[in-house]
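# Coordinates in review
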Amino acid sequence: YLFDDFANITTNSSLVIESLTWQSLWDAAVSSFSGPFKRPASMLSFAFNASTTGFGAPLYFKLTGLFVHLLTGVAVYWLAGLLLDRFRPPLPAGVAPARIDWTRLLITGIWLLHPLNLTTVLYIVQRMTSLSALFAFVAAGLYCVGRVRLERRKAYGWVAIGLALLVAMPLSVLSKENGILVPVLLCAIEITAFDYRALAQRDRISLGVIGALLVVVPGCLFVLATVVQDPRLFSSYKIRDFDIWERVFTQ
């Protein structure tokens, strides 16, 4: 165990669930002091480890984190395939279809083995980041599935998009606040991989409204909060030896 592992996990007695009740699950879910939403999805995953193998077995906490990372790799492979399929027909001259599939595998391999993810996997408490990434990639994949179905006038396109926005994205946010950036990711996918003009007018309007509510409005509010230095955004930096701009520029 290292650093924030102690405050969030090993000294957190609420994570040990002795009787499976709604109250015990709730206590475990909201037992973190991190973030405005308490990161309940991540805390419940820690509660699973603490309640089955105990705090004396950090190896099982780490193995669970590794499993989450590998599962995220599956989501990356799925999403890469969905995005690359947007460019498959027609392929440029001299490009074999197999090259697209190898590219998909290469992307997944880079994600799984990239050194940037090392501490995310081995530093137990950073499972919060891994889970947030997992649900973010699932949200992006579901959005692509729904978006393709809308474009081809097939049923259940909005169901897939609804699952992305109402299930996967909230789970990403409730794992760690990084998930708030999922709408920005979906917006980037929309701009680069899809043709907005190919949609029916009703679908174009609906996507435009969703984009305004999830990207434009929050973005403007964040800029405004930064300009006026809203204490809810800056208060935590009073106890740190760096400010918000140093954090942005270094991370």
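To start, this report covers the structure provided alongside it. The shown structure was predicted, so the numbers you read here are calculated from the model rather than taken from an experiment.

### Structural notes on the pattern of salt bridges
Tallied over the full model, the rule gives five salt bridges. In this structure, the salt-bridge partner of Arg147 is Glu190, at a minimum N-O distance of 2.7 Å. Taken as a pair, Arg147 in helix 7 (residues 127-151) and Glu190 in helix 9 (residues 182-193) lie far apart in primary sequence, 43 residues in all. Both residues of the pair, Arg147 and Glu190, count as buried.

### Concerning a nonpolar patch on the surface
The grouping of Val216, Val217, Leu221, Phe222, Val223, Leu224, Val227 and Val228 at the surface amounts to a nonpolar patch, some 760 Å² of accessible area in total. By the secondary structure assignment, Leu221 is in helix 10 (residues 201-227). Leu221 gets classed as exposed once you look at its relative accessible area, which sits at 52%.

### Section: helix 8 (residues 157-175)
The end-to-end C-alpha separation of helix 8 is 26 Å, in line with the 27 Å expected for 19 residues at 1.5 Å each. Within helix 8, the axis deviates most sharply at Ala164, by approximately 30°. If you check which residues of helix 8 are buried, you get Gly157, Ala160, Ile161, Gly162, Ala164, Leu165, Ala168, Met169, Ser172, Val173 and Ser175. Where helix 8 is buried, its residues touch helix 3 (40-52), helix 7, helix 9 and helix 10.

### Quick word on the state of the cysteines
Here a disulfide denotes a covalent bond joining the sulfur atom of one cysteine to the sulfur atom of another. In the structure shown here, the tally under the stated rule is zero disulfides. This cysteine, Cys220, is not joined by any disulfide, and Cys187 carries the nearest cysteine sulfur, 13 Å off.

Quick notes on the rules
Residues numbered from 1 in each chain as written. Predicted model: local features only at pLDDT ≥ 70, side-chain atom pairs only at ≥ 80, totals over all residues. Heavy atoms only, no water. Salt bridge = Lys/Arg side-chain N within 4 Å of Asp/Glu carboxyl O. Helix = DSSP H or I, 4+ residues; strand = E, 2+ residues; numbered from the N terminus. Buried < 20%, exposed > 50% of the residue type's maximum accessible area, 1.4 Å probe, protein only. Patch = residues over 30% accessible without salt bridge, like charges linked within 9 Å, V, L, I, M, F, W, Y side chains within 5 Å. Areas by Shrake-Rupley, 256 points an atom, 1.4 Å probe, with all protein chains shown as cover. Expected span 1.5 Å × (residues − 1). Bend = angle between axes of the 7 residues up to and from the residue. Contact = heavy atoms within 4.5 Å. Disulfide = S-S within 2.5 Å.

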